[in-house]
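The primary structure of each chain is shown beneath.
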Amino acid sequence: MKKGNYFWISYSDLMTSMFFIMMVLFVLTIGYLQYQKNATEKQLEKIQELQTAVQQLPEQYFDYQPQYKRFKLKQQIQFPLGKSDIPVAYRKYLIDVGKSIFGLIYRLNSNPNYKDLDIKYLIVIEGMASRDNYPHNFELSYKRALSLYNLWNSAGISFDPGSCEVQISGSGTKGIREYFGDEEYKNQQFLIHIIPKMGKITENE
């Protein structure tokens, strides 16, 4: 056989092999993309499910404000000017608030539907202050949030750091404010943010 014929036979074999390799890669790519699509859809479904579950705090204590995606306490908490200690009149109510949050986190952690999720929760206690000419309202709003955290601890409400992180914050006289003029004092309030932090999702067969 002539040398030229060997060349064309080898070239034909090479192209055939490359064709099959490309077909295999194409099939694998399509399969991977479909897997990614299914995983993403499951993630979105789980995220939406968790967001709905997190909003199940008792309505007797909380108002959920969907436009701000936050919880506001129903009862108005009033402080003397420049003070951060929680008045005695509000302590039982605020302890019950802490117990309801603790109960929600416990139920979510015990829910078998979430056992396949690597999930932790971030609880942000945000203190707010009113515009009342006090010069240190930012520091004061933080101290008020810290007072609430300390009140919960003194009542035995302690969140497991392995599954729940608590952050103390104060927004002073900034942030989203609902009240103005004669009702400015109502901006003295606590906001509670509960944020699920999802690590990974495992596929169930």
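What counts and how
- Residues numbered from 1 in each chain as written.
- Predicted model: local features only at pLDDT ≥ 70, side-chain atom pairs only at ≥ 80, totals over all residues.
- Heavy atoms only, no water.
- Axes fitted to C-alpha atoms, helices over the stretch in contact; angles between N-to-C directions.
- Helix = DSSP H or I, 4+ residues; strand = E, 2+ residues; numbered from the N terminus.
- Parallel < 35°, antiparallel > 145°, perpendicular 65-115°, else oblique.
- Contact = heavy atoms within 4.5 Å.
- Nonpolar A, V, L, I, M, F, W, Y, C, P; charged D, E, K, R; others polar.
- Patch = residues over 30% accessible without salt bridge, like charges linked within 9 Å, V, L, I, M, F, W, Y side chains within 5 Å.
- Areas by Shrake-Rupley, 256 points an atom, 1.4 Å probe, with all protein chains shown as cover.
- Salt bridge = Lys/Arg side-chain N within 4 Å of Asp/Glu carboxyl O.
- Buried < 20%, exposed > 50% of the residue type's maximum accessible area, 1.4 Å probe, protein only.
- pLDDT = per-residue confidence, 0-100.
- Expected span 1.5 Å × (residues − 1).
- Arc of directions from axis to C-beta.
- Phe/Tyr/Trp six-rings, centres within 6.5 Å; stacked < 30°, edge-to-face > 60°.
- Core = buried A, V, L, I, M, F, W, Y, C linked by side-chain atoms within 4.5 Å.

**Focus on the packing of helix H2 (residues 88-110) against helix H3 (residues 137-154)**
Put simply, H2 and H3 touch, their axes get as near as 10 Å, and they point 75 degrees apart. In terms of orientation, H2 and H3 fall into the roughly perpendicular class. From H2, Arg91, Leu94, Ile95, Val97, Gly98 and Ile101 reach across to H3, where they touch Leu148, Leu151 and Trp152. Grouping the constituent residues of the contact of H2 with H3 by class yields seven nonpolar, one polar and one charged.

**Observations concerning a nonpolar patch on the surface**
A cluster of nonpolar side chains, contributed by Ile21, Met22 and Leu25, occupies part of the molecular surface with about 310 Å² of accessible area. Within the secondary structure, Met22 sits in helix H1 (residues 3-54). Residue classification places Met22 among the exposed residues on the basis of a relative accessible area of 53%.

**A short note on the confidence of the model for the protein**
With 70% of its residues at a pLDDT of 70 or more, the protein has an overall mean of 79. Within the protein, no element has a lower average pLDDT than H1, which sits at 62, and none a higher one than H3, at 94.

**Here's the deal with H3**
Its 18 residues place the ends of H3 25 Å apart at the C-alpha level, agreeing with the 26 Å of an ideal helix rising 1.5 Å per residue. Residues of H3 that are buried: Asn137, Leu140, Ser141, Arg144, Ala145, Ser147, Leu148, Leu151 and Trp152. In an axial view of H3, the angular spread of the buried residues amounts to 145 degrees, which keeps them on one side of the axis. Among the residues trailing H3, Gly156 stands out with phi positive, at a value near 80 degrees.

**Brief notes about the pattern of salt bridges**
The full count for this structure, using the stated rule, is two salt bridges. A salt bridge links Asp63 to Lys74, with the shortest nitrogen-to-oxygen separation between them at 4.0 Å. Taken as a pair, Asp63 in strand S1 (residues 62-65) and Lys74 in the loop between strand S2 (70-73) and H2 lie far apart in primary sequence, 11 residues in all. As a salt-bridge pair, Lys92 and Asp96 come within 3.1 Å of each other at their nearest N and O atoms. In this pair, Lys92 and Asp96 both sit in helix H2, four residues apart, roughly one turn of the helix.

**A closer look at the packing of aromatic side chains**
Enumeration over the complete set of coordinates arrives at four aromatic pairs. Look at Phe79 and Phe190: their rings are 6.1 Å apart centre to centre, the planes differ by 80 degrees, and that puts the pair in the edge-to-face class. Of this pair, Phe79 sits in the loop between S2 and H2 while Phe190 sits in strand S5 (residues 190-201), placing them 111 residues apart in sequence. Here the two residues Phe79 and Phe190 agree in accessibility, since each one is buried. Measuring from ring centre to ring centre gives 5.8 Å for Phe102 and Phe159, while their planes differ by 50 degrees; the resulting arrangement is tilted. With Phe102 in helix H2 and Phe159 in the loop between H3 and strand S4 (164-170), this residue pair connects regions lying 57 residues apart in the sequence. The structure contains a cluster of three or more aromatic residues connected by ring pairs, namely Phe102, Trp152 and Phe159.

**What about unusual backbone geometry?**
Here the phi dihedral of Asn133 falls at roughly 70 degrees; this positive angle occurs in a residue that is not glycine. Note on placement: Asn133 falls in the loop between strand S3 (117-127) and H3. Since its relative accessible area comes to 79%, Asn133 is described here as exposed.

**So, the side chain of Asn187**
Mapped onto the secondary structure, Asn187 falls in the loop between S4 and S5. In contact with Asn187, not counting residues within four places along its chain, are Gln76, Met128, Ala129, Ser130, Arg177, Glu178 and Tyr179.

**Topic: the nonpolar core**
If you look at the biggest cluster of nonpolar residues, it comprises 32 residues, and the most contacted ones within it are Phe62, Leu94, Ile101, Trp152 and Ile192. Of all the secondary-structure elements, those providing two or more residues to this core are S2, H2, S3, H3 and S5. The element that contributes the greatest number of residues to this core is H2, accounting for nine residues.

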